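Spelled out from the first residue to the last, the chains are:
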Amino acid sequence: MATNQLGSSIGDDLSFIDSLANCTRLQTMIFRNNFLKGPLVSTIANFSTQLSMIVLGINQIHGTIPSGIENLVNLSYLDLDMNHLTGSIPSNIGKLHKMQALGLLGNKLRRNTVLNRFSSLMVLQLGGNTFIGALPLEVGLLINLVELDVSDNRLSGARPNSLGNYVEMQGLRLDGNAFEGEIPTSLQTLRGLKHLDPSRNKFSGKIPMFLGDLPFLTYLNLSFNELEGEVPSVEANVTISVEGNKNLCGGFPSFIFPPVSMSPPLSAKRESVPMPNYSFQKKMRNNDSSTQSSNEQFLRISFAELHKAIEDFSESNKISVRSYGSVYKGILDQDGLAIAVKVFNLPRRGASKSFISQCKALRKIQHRNLVKVLSACSSLDFQGNDFKAMVFEFMSKGNLDGWLHPKAIEDEPQRLTLLQRLNIAIDVASALEYLHTQCDVIVFHNDLKPNNVLLGDDMTGHMISDFGISKITSIISSTTIVTSIGTNKNSSTTMKGSIGYIAPSTNFSYKIWCAWSCVN
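Keep in mind that this is a model prediction, so the values were computed, not measured. (Residues numbered from 1 in each chain as written. Predicted model: local features only at pLDDT ≥ 70, side-chain atom pairs only at ≥ 80, totals over all residues. Heavy atoms only, no water.)

### Points about the packing of aromatic side chains
Within a pair of aromatic rings, the relevant descriptors are the distance that separates the centres and the angle that separates the planes.
Move 1: Counted under the stated rule, the structure contains seven aromatic pairs.
Move 2: On the basis of an interplanar angle of 80° and a centroid distance of 5.4 Å, the ring pair of F344 and F355 is categorised as edge-to-face. With F344 in strand β22 (residues 338-344) and F355 in helix α2 (residues 351-362), this residue pair connects regions lying 11 residues apart in the sequence. No difference in accessibility class separates F344 from F355, as the two residues are buried. (Phe/Tyr/Trp six-rings, centres within 6.5 Å; stacked < 30°, edge-to-face > 60°. Helix = DSSP H or I, 4+ residues; strand = E, 2+ residues; numbered from the N terminus. Buried < 20%, exposed > 50% of the residue type's maximum accessible area, 1.4 Å probe, protein only.)

### Structural notes on unusual backbone geometry
Move 1: The phi angle at I58 is positive, at roughly 55°, despite the residue not being glycine.
Move 2: Take I58: it is sitting in the loop between β3 (53-55) and β4 (60-63).
Move 3: The backbone of F224 sits at a positive phi, close to 55°, despite the residue not being glycine.
Move 4: On the secondary structure map, F224 appears in the loop between β16 (219-221) and β17 (226-231).
Move 5: Using a relative accessible area of 29% as the deciding quantity, one classes F224 as partly exposed.

### A word on empty space enclosed by the protein
Over the atoms rolls a probe the size of a water molecule, and its path tells where empty space is left.
Move 1: Following the criterion strictly, the structure yields three cavities of 30 Å³ or more and no others.
Move 2: Lining the second largest cavity, in full, are M82, N83, H84, G106, A304, H307, K308, D312 and F382.
Move 3: Here the lining of the second largest cavity is composed, by residue class, of three nonpolar, four polar and two charged. (1 Å grid on protein atoms, 1.4 Å probe; cavity = no way out; pocket = protein on both sides within 12 Å on 5 of 7 lines; lining within 4 Å. Points joined across faces, edges and corners; volume = space filled by probe spheres on them. Nonpolar A, V, L, I, M, F, W, Y, C, P; charged D, E, K, R; others polar.)

### Regarding the pairing of strand β20 (residues 318-322)
Move 1: Taken together, the four bridges between β20 and strand β21 (residues 325-331) define a ladder with antiparallel strand orientation. For R322, the partnering residue across the bridge sits in β21 and is G325.
Move 2: Counted along the chain from β20 to the antiparallel partner β21, the turn is two residues long. (Pairing = 2+ DSSP bridges.)

### Points about the sheet that holds strand β6 (residues 84-85)
Move 1: Spatial strand order, β2-β4-β6: three strands in an open sheet with parallel pairing. Of all strands in the sheet, those with a lone pairing partner are β2 (37-39) and β6, marking the two edges.
Move 2: In this structure, β4 lies alongside β6, joined through two bridges in parallel fashion. Looking at the pairing, G63 lines up with L85 of β6.

### Some remarks on the pattern of salt bridges
Move 1: The tally for this structure, following the rule as stated, stands at five salt bridges.
Move 2: Across the salt bridge formed by R32 and D79, the nearest N and O atoms sit 2.4 Å from each other. Placement of R32 in the loop between β1 (28-30) and β2 and of D79 in strand β5 (residues 77-79) is noted, with a sequence separation of 47 residues between them.
Move 3: The exposure class of R32 is partly exposed, given its relative accessible area of 23%.
Move 4: Classification of D79 as buried rests on a relative accessible area of 3%.
Move 5: Close ionic contact of K318 with E315 constitutes a salt bridge, the shortest N to O distance being 3.3 Å.
Move 6: A residue is classified by how much of its surface remains accessible, and K318, at 26% relative accessible area, is partly exposed. (Salt bridge = Lys/Arg side-chain N within 4 Å of Asp/Glu carboxyl O.)

### Some remarks on the pairing of strand β13 (residues 178-181)
Move 1: Of the strand pairs in this sheet, strand β11 (residues 154-158) and β13 are connected by three bridges, and their pairing is parallel. From the neighbouring strand, A158 faces β13, where its bridge partner is E180.
Move 2: Bridge count between β13 and strand β15 (residues 202-206): two bridges; the pairing is parallel. Residue pairing for β15: G181 is matched across the bridge by F203.

### A closer look at helix α4 (residues 418-438)
Move 1: For α4, with 21 residues, the first-to-last C-alpha span of 29 Å sits near the 30 Å given by 1.5 Å per residue.
Move 2: Residues of α4 that are buried: I424, D427, V428, S430, A431, Y434 and L435. Here the buried residues of α4 occupy an arc of 150° about the axis, which is enough to place them on one side. Structural note: α4 exposes L418, L419 and T437 on the side pointing more than 90 degrees away from its buried face. (Expected span 1.5 Å × (residues − 1). Arc of directions from axis to C-beta.)

### Examining the side chain of S302
Move 1: By secondary structure assignment, the location of S302 is in the loop between β19 (247-250) and α1 (303-309).
Move 2: Of note is the side chain of S302, whose polar atom sits 3.4 Å from the side chain of D152.
Move 3: When residues no more than four places from it in sequence are discounted, the contact partners of S302 are D152, R200 and C377. (Polar contact = N/O pair within 3.5 Å; in protein donor to acceptor, adjacent residues only side chain to side chain. Contact = heavy atoms within 4.5 Å.)

### Points about the sheet that holds strand β10 (residues 147-149)
Move 1: What the 10 strands build is an open sheet, ordered β1-β3-β5-β7-β8-β10-β12-β14-β16-β18; its pairing is parallel. The open sheet has two edge strands, β1 and β18 (239-241), and neither has a second partner. Pairs of neighbouring strands in the sheet enclose a mean axial angle of 10°, with direction left out of account.
Move 2: Inspection of the sheet shows strand β12 (residues 171-173) paired to strand β14 (residues 195-197) by three bridges, in the parallel sense. Residue pairing across strands places L172 opposite L196, the latter belonging to β14. (Axes fitted to C-alpha atoms, helices over the stretch in contact; angles between N-to-C directions.)

### As for the environment of K37
Move 1: On the secondary structure map, K37 appears in strand β2.
Move 2: In this structure, the C-alpha to C-alpha distance between K37 and Q60, residues 23 residues apart in sequence, is 4.6 Å.

Now the structure itself:
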């Protein structure tokens, strides 16, 4: 019964489970990817002991995991991923000695310390929950584990050396926590490791050279830690990411790190050229009165947190569909902040480049009339697919186009007064003046239209948004107008814009005029 539209809005959709308690030969129960809403009833603990598989992932199940679930002594596969479960993992669940796969991704569960009792467990997925504190040492006793995922929680402290006991381990995800200390050398015993992701933590020290010698490794993500020293060489088929570490050197030429110095002078100051990263460290002009404080910190938001904030990316939360993705409204659990999330449709050609362009443009600029960026997320979803999104402050009044051209079906079409129109025009002009003349770099938006002008609660916060095809340069000459953010190629002959906008200096017969030539 997986991948249907089972469920209702009542909130008691799992009551049918009561009728299955007398099915003495029931072995599997699969209702994954539906709309089942409600608590997981305790009747499930009275099912036939022949039951070996329960699959209820990707629904809207809330409440706690029934404590009597340990009665299902033959249960080997339990999938409760992507629901709204709270509380802790039942203390007696460790009695299920035949359990081979436990999936609890994307809930709001708390950790307990009984996981060492699963002597047959091969897959343990605990990512995207609210586990706090150190990684339990008991986990290191599950020596048959093939996959361990504790990503996007609130775990902290040093990573235990007992992880080296996973001699069968193929996938290890620790990303999105607050682990610290050096990467333990015991990992070199994991000769079958294919996927290793300790990114977005506080790991420090040197990157172990043995990581480059793991024979089956295909994915290594060490980004956004505090690592230093030489980047190990890996095979050509290995995807490796080390961005966000400030003191690295060596590695592939594309890393843009300084070469490894064999015997540096003791008095020499160590220099490093970091990988391009999208952490939006803003460098602002001190004399720009219209900009906000440069000390403002950006939020650190994971895919799991966005998934919860937007309620599984439901259609009811979709605000609009843009050229390279969709925009959703959501509420962050951590502080109740209303956000707008632009999720990029990566299979579409140009979407990934648009994400990079917006990151590079928006981390260099800040103005009261430019859209406020709260965070960016470049990660993997729970299926291992690439995921990229931008997180913005939510503007409750929508875009200017909706006010200039209200829908006919509205009972009372929204109208702008002359004064409001004038204020919007002044704010947009102020933002353009900043982009063109007051930045450390010159930014051309290239897609300025009413649909990309957002309005705040009191109709005063007028923000320019969507820098997906913007261009940036530091010099304007008679031969070069702009340089593409994503490339080193000049862009003076391609007509830029989208439906609803075309650059005023462009027509169908002539190339873009040089701004410098026009002024002169």
